[in-house]
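# Descriptive analysis of the structure
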Amino acid sequence: MKTVIMAGGKGTRISSIASDIPKPMIKIGDKPVLEHEIECLREQGFTDIIITVSHLGNIIMDYFGDGSKVSPVTGKSFGVNIEYYFEKEPLGNAGALFKIKDKLSDDFLLLNADSMFDINFKRFVEYHQKHGGLVTLFTHPNSHPYDSGLIIANDDGSVEKWLTKEDNRSTYYKNRVNAGLHVLNKKVLDIEITTPKVDLDRQILKPLSGTHKMFCYDSPEYVKDMGTPDRYYSVCNDCNSGLIKAKNLQNKQKAIFLDRDGTINEYIGFLRKVDDFKLLEGVTEAIKKINASGYLAIVVTNQPVIARGEVTTEELNTIHNKMETLLGLEGSYLDAVYYCPHHPDSGFEGEIKELKIDCDCRKPKPGLLLKAAVDYNIDLSKSWMIGDSETDVKAGINAECKTALITTDNKTDDNNKEYNQNVTGDSLLDCVNKILS
């Protein structure tokens, strides 16, 4: 499979870091960011690369050559085959694709050269091939969804709406952001565009929304734009700490699983209305610490209100969107949300009979945690479950995680109780601080 790396940007926002070299050649650690990208691709067998260049592109071409040159950093060959397309006139961030169309494989990877990433590309491509779309977007949550483009998807992963930063959005939204990594089928280039510059997102991809031809691939792996000085220094710190490579789903992950009601939001019994959802004090700070620690932040929650017919799936999604929106406004995010819609007891007016079952996912059973472990390659023995009840602690123990119990004045039945938890705290922040220390 071919890989196209778009490396023609000028990098004006990061010119204070380096103005005399192209943005992809700015060093992260001891290597240019583009060399990090090529290494990640080569290690997974993606060695057939086309790089589109323009501004100061000769520096990139001289450094990498045809891919057989020796890296001045590692002393080893780059180990790939590289071709170039040099834009004499600016073509936008996708115009060059039409120029090199005949060189592309039917499906190809399309990557930005100004992002730092380390992801499992084989898994990404397999997802694309399984869903059979023309486009698959790599999507993830980030710490600033309020000023990012958002992807709205259906339950099957097909993209329903693509909201740019300028578009109006709902009051509450899922923190799902396009990361700038794509698998494309070259049939997407079978369109006529007459403008001299072509915008990938607005002219090629966004029009596919709602056609069931474009899917999103949600992943917690590390992808970060280093387009501003602040983000650049953040990426450097993450590289030095080993966080970037550790987040690749080829590697075993560790997670902090979080109960919802009474742990993240105020406990009011069965929460049925979005207006009643309110974050507890210190929660955004706690989750921000989880995000920075290398643990995944994953919510696992029993929601029997679905089976009882008191809340629809759409209404529950709105509540969870409010949770993600409020967290995102404060710079924190969840990597995933899992919920159990079942309830074993019958006899409720309006209940959904097919959901009135004794399932494997309702806590204290470990089903939600086990599913997340499969989805994200999680080592449960190195993970934690935090909640405010015996049910949460037992679910964590049943999944062979370590556990933490929140004891508060709001739920006196669990105050000062011992359920063989490893940690006890008076809030989510207190528990997270104890775990991370």
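Counting restarts for each chain: residues are numbered from 1 in the order of the written sequence. In view of the model being predicted, local features appear only for residues whose pLDDT reaches at least 70, and side-chain atom pairs are presented and counted only at 80 or more, with totals across whole chains, interfaces and linings using the full set of residues. Values shown for side chains rest on all heavy atoms present in the structure; no hydrogens or waters enter the calculation.

## Quick look at the packing of helix 1 (residues 33–43) against helix 2 (residues 57–64)
To define axes, lines are fitted to C-alpha atoms, for helices over the stretch in contact only, and angles between the resulting N-to-C directions are given on a 0 to 180 degree scale. Helix numbering and strand numbering both begin at the N terminus, where a helix is a DSSP run of H or I of at least 4 residues and a strand a DSSP run of E of at least 2. Relative orientation of the contacting elements helix 1 and helix 2 amounts to 45 degrees, with a least axis distance of 12 Å. Considering their axes alone, helix 1 and helix 2 lie oblique with respect to each other. Judged by the twist between their axes, the crossing of helix 1 over helix 2 is right-handed. For the pair helix 1 and helix 2, the contacting residues are Leu 34, Glu 35 and Ile 38 in the first and Ile 60, Tyr 63 and Phe 64 in the second. Three classes are used: nonpolar for Ala, Val, Leu, Ile, Met, Phe, Trp, Tyr, Cys and Pro, charged for Asp, Glu, Lys and Arg, and polar for all others, with Gly counted as polar. A breakdown of the residues in the contact of helix 1 with helix 2 according to their chemical character gives five nonpolar, no polar and one charged. Should an angle fall under 35 degrees it is called roughly parallel, over 145 degrees roughly antiparallel, and 65 to 115 degrees roughly perpendicular, with every other angle called oblique. By the definition used in this description, the sense in which the near helix is turned from the far one sets the handedness, with an anticlockwise turn below a right angle giving left-handed and a clockwise turn giving right-handed. Residue contacts follow a heavy-atom distance rule, with two residues in contact if any of their heavy atoms lie within 4.5 Å.

## Some words on the sheet that holds strand 15 (residues 296–302)
Think of it this way: DSSP has to see at least two bridges between two strands before they count as a pair. With parallel pairing, six strands are arranged side by side in an open sheet as 16-15-14-17-18-19. Each of the sheet's edge strands pairs with one partner strand only, and the pair in question is strand 16 (336–340) and strand 19 (423–425). The sheet shows a mean angle of 20 degrees between the axes of neighbouring strands, taken without regard to direction. In the sheet, strand 18 (residues 402–406) pairs with strand 19 via three bridges, with the strands oriented parallel. Each residue of the ladder has a partner; that of Ile 406, found in strand 19, is Gly 425. Contacts from helix 10 (residues 367–376) reach strand 14 (255–258), strand 15, strand 16 and strand 17 (384–387), with the element oriented near 145 degrees to strand 16. Along the sheet, helix 12 (residues 428–436) contacts strand 14, strand 17, strand 18 and strand 19; its crossing angle with strand 19, the most-contacted strand, is approximately 145 degrees.

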